[in-house]
Amino acid sequence: MPPMTTASGSPSSSIAASMATGHHLLRIFGYSHAKELAPHGKWIDSRPFTTAAHSWHIMYYPNGMVTRSADHIAVFLVLDDADADAEPVTARVVFTLLDQAGKPVPWTTRATPVCKFSVYGQGLDDFLRTASATHLRRPRHYQVRCLRLQPNNLSRHLGGLLASGDAADVAFRVAGGGETFQAHRCVLAARSPVFRAELLGPTKEGGDDPAAVIEVGDMEADEVFRVLLEFVHTDALPEMRPEEEEASMCRKLLAAADRYDMERLKLMCEGRLRKHMDGASVATILVLAERHRCPSLKETCFRFLEAPRVLTAVSAAGGIELLAGSSPTLLTELIFRLFAGC
């Protein structure tokens, strides 16, 4: 299909202030003629435009793209400079119809999920129902704005910085472990008040010597500290399989998060531990919640234990003995709650 043109010969384009955001304005002249020009399943290409250092164009289907949405206008954004060997561009795209004053028509604003642009376009095959757009036939043209929002890639860049070790200015070694971890003082300090005090305070550990290695005690394994550093830089936890491995790691990370006063990491570990809670693990999780000041997780454990069948499983798994030996006050509180509920 030939490129779609406007009265001036090309669609208008502009780039928003943020490098991660750009928009393109597509003016469509002759709505009825466009429907005749491109029957169902056929499209009209806009002229290419550049935003966020990439070349793009819009595919416009005036009679729909697929059978299930034949009564809809479809719009897709295509990355022209896609390279099959390059990393895909990840973005979320928002399409909206503009009125004659150039303002968005609220009910027409539609967005795609966050998706990857490579050699295929992404968009909406049901952007606007043609029966609902009869008013578009009265003016001789209308405008569609395509806004591209590229998700924040700061965490990916910081994660890459950690992995490469570039510009690292502090090193850690877990007591009893053999691996040395390179990291960045400023990133750690920004994410944890404990790291800030240890690394930037008046008595900062390691001084100003980048070759100094800080020994980390009270950490069960090198792997726990590695995941902690990755979370500091990426704000995400890795996928862990099998489930037993995830539960074990989250128990250890919860202790590390409490030590470094990282509340978000604590909450994320709590959420994952709730998924793994059963008769064999609830007593261990309850002790952990009490020890590391997790009142919400503690309450979840108590409510879980109120079911008689759960108590039977806990007793069979040695959970009652664990509570009696590790935290008699928790056992007393549990007994009080059970009798109060009778």
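Residues numbered from 1 in each chain as written. Predicted model: local features only at pLDDT ≥ 70, side-chain atom pairs only at ≥ 80, totals over all residues. Heavy atoms only, no water.

**So, the confidence of the model for the protein chain**
Per-residue confidence for the protein chain gives a mean pLDDT of 82, with 86% of residues at or over 70. Across the protein chain, helix H8 (residues 282-291) holds the top mean pLDDT of 95, while strand E2 (residues 12-14) sits lowest at 39. (pLDDT = per-residue confidence, 0-100. Helix = DSSP H or I, 4+ residues; strand = E, 2+ residues; numbered from the N terminus.)

**Some thoughts on empty space enclosed by the protein**
Applying the stated rule across the entire model yields one cavity of 30 Å³ or more. Gly22, His23, His24, Phe49, Thr51, Trp56, Leu77, Cys146 and Arg148 are the residues that line the largest cavity. Elements with a contribution of two residues or more to the lining of the largest cavity: strand E3 (21-29), strand E5 (49-51) and strand E12 (141-149). Counting residues per element, the lining of the largest cavity draws most heavily on E3, which supplies three residues. A class-by-class count of the residues in the lining of the largest cavity yields four nonpolar, four polar and one charged. (1 Å grid on protein atoms, 1.4 Å probe; cavity = no way out; pocket = protein on both sides within 12 Å on 5 of 7 lines; lining within 4 Å. Points joined across faces, edges and corners; volume = space filled by probe spheres on them. Nonpolar A, V, L, I, M, F, W, Y, C, P; charged D, E, K, R; others polar.)

**With respect to the nonpolar core**
Side chains of a nonpolar character, in soluble globular proteins, are inclined to be buried together. Judged by nonpolar contacts, the single largest core of 52 residues is most densely connected at Phe172, Leu188, Phe225 and Leu228. In contact with leucine 228, other than residues within four places in its own chain, are Phe195, Leu253, Ala256, Tyr260, Met262 and Leu265. Within the second largest apolar cluster, 28 residues are counted, among which are Ile58, Leu97, Phe127 and Val144. (Core = buried A, V, L, I, M, F, W, Y, C linked by side-chain atoms within 4.5 Å. Buried < 20%, exposed > 50% of the residue type's maximum accessible area, 1.4 Å probe, protein only. Contact = heavy atoms within 4.5 Å.)

**Description of helix H9 (residues 295-305)**
Of all the residues in H9, the buried ones are Leu297, Lys298, Cys301, Phe302 and Leu305. The arc that holds the buried residues of H9, viewed along the axis, is 140 degrees, so those residues lie on one side. Looking at the buried positions of H9, the neighbouring elements they touch are helix H6 (243-259), helix H7 (263-275), H8, helix H10 (308-316) and helix H12 (328-340). (Arc of directions from axis to C-beta.)

**What about the pattern of salt bridges?**
Applying the stated rule across the entire model yields 18 salt bridges. Salt-bridge contacts for glutamate 215 lead to arginine 173; the nearest nitrogen and oxygen are separated by 2.8 Å. Here glutamate 215 is found in strand E15 (residues 213-216), whereas its partner arginine 173 is found in strand E13 (residues 170-174), with 42 residues between them in sequence. Judged by its relative accessible area of 42%, glutamate 215 falls in the partly exposed class. (Salt bridge = Lys/Arg side-chain N within 4 Å of Asp/Glu carboxyl O.)

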